[in-house]
Amino acid sequence: MIISNIRIQHLTNPVGWDVRRPNISWTTEDAKGTRQKWAKVEISEAGTCVFSEEGEELSSLSVAADIDLKPRTRYDVTVTVEDETGDRASGTAFFETGKAGEEWRAKWITAPFEKDVHPVITYKMHLPAKPVKGRLYGVGFGICEITVNGRRASSEVLAPFYNDYNNWIQAETYDITDLLRQGENTVECSLGKGWYMGRFGFGAGGKEMYGSRMKLLLEGHAALEDGTEASFATGEGEWLCKRSETVDSSIYDGEVIDMTLDPGESVPALVCEAPEGPVTDRLSPPVHIVERLAGAKLILTPKGERVLDFGQVMTGWVEFLCEAPKGTKVYLQYGELLQDECFYRENLRSALAEFTYISDGERRLVRPRFTFYGFRYVKVEGLDYVDPRAFTACVIHSDVPFTGSIKMGNAKLDRLFENAFWSQRGNFLDTPTDCPQRDERMGWTGDAQVFAPTACYNMYTPAFYRKYLHDMLLEQRKLDGSVPFVVPDVLSVLHRFEEGPHGEHGSCAWADAASVIPWTVYRFYGDKELLKEEYENMTLWAEWIHRQDEGDFLWRKGFHFADWLALDNPDKGSSFGGTDPYYIASVYYYYTTLLCAKAAKVLGYLTDEGKYASRASSIADAIRREYFTPTGRIAVPTQTAMALSLYFDIAPDPERTARDLCAKLEERKVHLDTGFVGTYFLLPVLTKIGRNDLAVQLLLNEDYPSWLYEVNMGATTIWERWNSVLPDGHVSDTGMNSMNHYAYGSVMEWVYSVLCGLKPSEDGAGFKKAVIRPYADKRLHGIKCEYLSAAGRYRSAWERREGSILYHVEVPFDANAEFIPPDEKALITVNGKETKGRQTLLCGAYDIVCPDPEA
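Model, not experiment: these values are computed from the prediction.

A. Structural view of the pattern of salt bridges. Scanning the model with the defined rule gives 69 salt bridges in all. We note a salt bridge from R656 to D660, for which the minimum N-O separation is 3.9 Å. Separated by four residues within a single helix, R656 and D660 lie in helix α11 (residues 654-667), roughly one turn from each other. Exposure remark for D660: the relative accessible area of 25% places this residue in the partly exposed category.

Next up, the structure:
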């Protein structure tokens, strides 16, 4: 038996994170038995137990510890599990608190330069004895990189990441034990503008959105071998500033580095005004360089441009070895695609997305530090010779574990899976953004909402979404429960300077991220503590919608994106879909209210459960009265409207609505015309009404509009529009056209749950109970899926062979799955034994042979 994946707050060995109420989870592998009979969780400080809980009812999905934690203190966690055979094992992990509410000794400081001058702030200290432990606590605005004795204090990039700094500020904790030495030590902090004061917002955007000066708050503590401690803090002692070689930096526009600049004399830093938000321990998972891609192809375009093709759209930057003579100016421009075989970047709108490096003649590995790009292609200027071997693409994103994989035995479908996965990687940069390349890169709530289930299959997301939902909650409290279009709500900050106090908020499907994401996270990870924490998001939003209800249990006011970018609007120049936005709003009113009832039931809030269940019933009845004729015909005859009514069991005559939906598809020769909302629901609804044949056809279509059209056009991520690139290779629109936009990648949830057949059961949050019911379509030869769930690793695979379908299923320890064969009346074999009907599978591996109903 092995106890693995022990996490605290869904993070591995977190140092400096907000762990006010430690929440422990784990998985068990290689046990002799099949189920957990008993478990014990212990937390200790310096060898003394401060928390212990044991018993048969402990869940590996979540054990919360009610203990008072000390600041800047390490705690060790031990998890012991015993199965029904008596097999027993233990595993260990740890967490360490940051400041944890402790008063800051440090003061904010800034450099006495012009506000746009990028500073390097340095502190020197003497340690009289060998250090045995060293920590830095602090934050630098807008982006900060710290070195200690010339070595980086952390491998993280773009810290302190992105949130509304007027609402809260995330402090970092750096373990610098191995960087310190007895004697003289130098701490050096380089600052860039980042989201804090650089250009950010639509179009030309705003500058100095959260502040007008780069500044630093830092506190250091070193425990020495002789039992003493040394400490230092900004605002105390001699903190010296010099000009950085970074001349300018911008999230949108890139970075300029001039190594020939004279930094000038060092001058003392000044104590300055603190930013608006309170400084707290962090929630954000780390952002790292998670992969490096070499082997770029050098292209000489018809215009004579030298362009590097890395073969994959990604988020990050290029690092390169530069040995150019002093004064050489290397100029890089980043783009997502070629047009007419030439470098193209018009779809980035006003974002310059460039990098300039002026060499001092020294051999250096060069990279930006205060920006990032969405790109596949990099145009290189300024070098006499471009050696592609000198250039490496660095892929960055929030470093959360990958959990899901699918192989469909079809190169184009496998590429589609990779496209959705890469779009998630490219847009999971601290915030779930819409796109990583143009002058936007914001946490659009609608995109995040529809993609959340796919995201939870692909990656281990609870800590990532916890931070996003915390950002959202702080915005909701300012908006009386409503949810902004983007989180953090940079549009409201921008409007302070331009139009007034607030941006826009309260759009259906977008703002419903406040209810859909918490419930999705609960369904996938089974963490009631996290659901309890995020229940306020859900109910604040539900009550805000209810106040828009004018007494008829419908939501028929306000602005709504609704079925954004659908193809069924007669006005082909519009980005809005053809489905009545108030119909969609009313359905989402029902959806959010229903989710609140479900969450209240899980949490034992009986009064809330009754209130929301009753309200949801009234909303459904109101939708039927308003949007269906007395004979049961839907009055909004679009693919999206019909799919929503069937998915949520609102249609009074579901058989008629199902026939109408299929007829609507047949009218378009089985092609969709749905947008951000309808696309998510369409294929699951076809499965629900028994028309998987049509759902698979939609997946396999290769002409416009379809997923494989993008693949055939060379896409390596999901496009924002169904026709982002036209058949002639030209970009269809430059005003709003991202090549890395994951919303339509939400189809992969259907692939996981239907083609692979794996999903959590209705009463089995966290995959402690799963349903495995693969749809083995005759147009596919087979499929292989692996998913490392919160309960452990599942595998689901099938292939056709001589009139039979062969399934391979693996169920993790302390979980069970209901396997549903294609014909429940037919004779099947399970690990060589004949049986019939649905099978309850406990922990183990199963080979199942079923007759092929399509043979």
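B. Main features of the nonpolar core. The biggest cluster of nonpolar side chains holds 252 residues, and the ones touching the most others in it are F310, Y334, F391, I406, Y465, Y583 and V751. Among the elements that line this core, the one with the most residues is helix α8 (residues 581-603), at 14 residues. Excluding anything up to four places from it in sequence, V751 contacts I406, M408, L699, C756, G757 and I783. One finds I8, I43, V79 and A93 within the second-largest nonpolar core, a separate group that totals 24 residues.

C. Structural context of unusual backbone geometry. In this model, F141 is joined to G142 through a cis peptide bond whose omega is -5 degrees. Secondary-structure assignment places G142 in the loop between β10 (131-141) and β11 (143-148). Residue P705 is reached from Y704 by a cis peptide bond, and omega for that bond is -5 degrees. Along the chain, the position of P705 falls in the loop between α13 (692-700) and α14 (707-712). A positive phi angle, near 50 degrees, is found at A46, a position not held by glycine. Looking at the secondary structure, you find A46 in the loop between β3 (36-45) and β4 (48-55). Of the residues examined, A46 reaches a relative accessible area of 74% and is grouped as exposed. Although it is not a glycine, A562 sits at a positive phi angle of roughly 50 degrees. Under the relative-accessibility criterion, A562 is labelled buried at 4%.

D. Quick look at the side chain of N740. Examined against the element boundaries, N740 turns out to sit in the loop between α14 and α15 (747-755). For N740, a relative accessible area of 0% puts it in the buried group. A distance of 2.9 Å separates a polar atom in the side chain of N740 from a polar atom in the side chain of S423.

E. Quick look at the pairing of strand β14 (residues 183-192). Extensive coverage of β14 is indicated by the burial of seven of its 10 residues. As defined by bridge partners, strand β9 (residues 119-127) adjoins β14 across eight bridges and the pair is classed as antiparallel. Across the sheet, the residue bridging to L127 is G183, located in β14. As paired elements, β11 and β14 share six bridges and run antiparallel to each other.

F. Structural detail: the environment of Y162. With respect to the secondary-structure elements, Y162 resides in the loop between β12 (151-152) and β13 (169-175). Distance from Y162 to G33, taken between C-alpha atoms, is 45 Å for residues 129 residues apart in sequence. Setting aside residues up to four positions removed in sequence, Y162 forms contacts with W195, F200, Y210, D430, T431, K467, D471, P488 and V490.

G. Quick look at the packing of helix α7 (residues 528-548) against helix α9 (residues 606-627). The interhelical angle for the contact between α7 and α9, taken along N-to-C directions, is 40 degrees, at an axis separation of 13 Å. The angle between the axes of α7 and α9 places the two elements in the oblique class. The handedness of the crossing between α7 and α9 is left-handed. Here α7 contributes Y535, T539, A542, E543 and H546 to the contact with α9, which in turn contributes D608, K611, Y612 and R615. Class assignment of the residues belonging to the contact of α7 with α9 gives a composition of three nonpolar, two polar and four charged.

H. Quick peek at the packing of aromatic side chains. Counted according to the given criterion, the structure contains 68 aromatic pairs. Geometrically, the ring pair formed by F402 and F421 is edge-to-face, given 4.9 Å between the ring centres and 85 degrees between the ring planes. Of this pair, F402 sits in the loop between β32 (391-398) and β33 (404-407) while F421 sits in helix α2 (residues 411-427); the two residues are 19 residues apart in sequence, bridging distant segments of the chain. Each ring, one from F417 and one from Y752, has its centre 6.2 Å from the other, and the planes form 70 degrees; the classification is edge-to-face. Here Y752 lies in helix α15 and F417 lies in helix α2, a separation of 335 residues in the sequence. The residues F417 and Y752 share a single accessibility class, namely buried. Over the aromatic face of Y460 sits the side chain of R7, whose NZ or CZ is 3.8 Å from the ring centroid. Its guanidinium or amino end placed over the ring of W104, K99 lies 4.9 Å from that ring's centre, counting from NZ or CZ.

I. Here's a closer look at the sheet that holds β11. Pairing within the open sheet is antiparallel, and its six strands lie in the order β12-β11-β14-β9-β17-β20. At either margin of the open sheet sits one strand with a lone partner, and together these are β12 and β20 (267-268). By the bridge criterion, two bridges tie strand β17 (residues 239-243) to β20 in an arrangement that is antiparallel. Counted as the bridge partner of C241 is V267 from β20.

Reading the values: rules and limits
- Residues numbered from 1 in each chain as written.
- Predicted model: local features only at pLDDT ≥ 70, side-chain atom pairs only at ≥ 80, totals over all residues.
- Heavy atoms only, no water.
- Salt bridge = Lys/Arg side-chain N within 4 Å of Asp/Glu carboxyl O.
- Helix = DSSP H or I, 4+ residues; strand = E, 2+ residues; numbered from the N terminus.
- Buried < 20%, exposed > 50% of the residue type's maximum accessible area, 1.4 Å probe, protein only.
- Core = buried A, V, L, I, M, F, W, Y, C linked by side-chain atoms within 4.5 Å.
- Contact = heavy atoms within 4.5 Å.
- Polar contact = N/O pair within 3.5 Å; in protein donor to acceptor, adjacent residues only side chain to side chain.
- Pairing = 2+ DSSP bridges.
- Axes fitted to C-alpha atoms, helices over the stretch in contact; angles between N-to-C directions.
- Parallel < 35°, antiparallel > 145°, perpendicular 65-115°, else oblique.
- Left-handed = near helix turned anticlockwise from the far one by under 90°.
- Nonpolar A, V, L, I, M, F, W, Y, C, P; charged D, E, K, R; others polar.
- Phe/Tyr/Trp six-rings, centres within 6.5 Å; stacked < 30°, edge-to-face > 60°.
- Lys NZ or Arg CZ within 6 Å of the ring centre and 35° of its normal.

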